[in-house]
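Below, each chain spelled out in residue letters.
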Amino acid sequence: MSEKWKTILAAGMVILFMIFIFAAAGVYYETNDDRIITEFLSGSMTGEPDARVIYQNYLLSYPLMLLYSITVMVPWYGIFLIGAHCVSLFIIVRSILSVCETEKETGGGNRAVCGTAVIGCLYAATNSVYLYGSSFGGGRL
């Protein structure tokens, strides 16, 4: 399988998986920390947007603060969490597909093992706090 097709397959798997999770579980903040971070970034708690939030690096929160300065109607923090989750899943699935292809070329590739690894990765992602902790507006869709 070419590198292009492995990338397309990995992206497709992550997109389908995320659509399934959003349809089955919805999207909402799991803890109050996420809500407080959003309030600091948007300025609703402090009166003006502030990038100095607890539990998040300043270099990550500063661009979010700038986006909240433009408009608070878009849940930038929730979009960031979902995006980060999708990127990390893509990297993991793409890596598994590359390892499986390498094993196949050297004579050891077992598709059942590789498929189980991908499914296990996606299943583990369903238990991630960030998947359920992401939000579009802080409420359930």
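Residues numbered from 1 in each chain as written. Predicted model: local features only at pLDDT ≥ 70, side-chain atom pairs only at ≥ 80, totals over all residues. Heavy atoms only, no water.

Check the secondary structure of the protein chain and you find six helices and zero strands. When the helices and strands of the protein chain are placed in sequence order, the string is α-α-α-α-α-α. Across the 141 residues that make up the protein chain, the buried fraction comes to 34%. For the protein chain, the share of sequence-separated contacts (at least 6 apart) that also reach a separation of at least 24 residues comes to 65%. In the form shown here, the protein chain has an accessible surface area of approximately 8500 Å², with 67% of it arising from carbon and sulfur atoms. (Helix = DSSP H or I, 4+ residues; strand = E, 2+ residues; numbered from the N terminus. Buried < 20%, exposed > 50% of the residue type's maximum accessible area, 1.4 Å probe, protein only. Contact = heavy atoms within 4.5 Å. Areas by Shrake-Rupley, 256 points an atom, 1.4 Å probe, with all protein chains shown as cover.)

Let's shift gears to the pattern of salt bridges. Applying the stated criterion to the full structure yields three salt bridges. A salt bridge links R52 to D50; the nearest nitrogen and oxygen atoms lie 3.2 Å apart. When salt bridges with common partners are traced through the structure, they connect E3, K6 and R94 into a single cluster. (Salt bridge = Lys/Arg side-chain N within 4 Å of Asp/Glu carboxyl O.)

This part takes up the environment of E101. Relative to the elements of secondary structure, E101 occurs in helix α4 (residues 76–105). Residues E101 and K6, spaced 95 residues apart in sequence, show a C-alpha to C-alpha distance of 9.3 Å.

This next bit is on helix α3 (residues 58–70). For α3, spanning 13 residues, the distance from its first C-alpha to its last is 18 Å, which sits close to the expected 18 Å at 1.5 Å a residue. Where α3 is concerned, the buried positions are S61, L64, M65 and Y68. Taken end-on, α3 shows its buried residues confined to a sector of 110 degrees, consistent with a single buried face. In α3, the exposed positions that point more than 90 degrees away from the buried face belong to L59 and I70. Residue N57 occupies the N-cap position of α3, its side-chain oxygen lying 2.7 Å from the main-chain nitrogen of L59. (Expected span 1.5 Å × (residues − 1). Arc of directions from axis to C-beta. Polar contact = N/O pair within 3.5 Å; in protein donor to acceptor, adjacent residues only side chain to side chain.)

So, on to a nonpolar patch on the surface. A contiguous nonpolar surface patch, about 420 Å² in accessible area, is contributed by Y58, L59, Y62 and L66. Looking at where L66 falls in the secondary structure, it is placed in helix α3. (Patch = residues over 30% accessible without salt bridge, like charges linked within 9 Å, V, L, I, M, F, W, Y side chains within 5 Å.)

As a further point, take the side chain of S42. With respect to the helices and strands, S42 occurs in helix α2 (residues 32–42). Taking the relative accessible area as the measure of exposure, S42 reaches 15% and is therefore buried. Within the structure, S42 has its side chain in polar contact with the side chain of S44 (distance 3.5 Å). Those residues in contact with S42 that lie beyond four places of it in its chain are P49, Y68 and V72.

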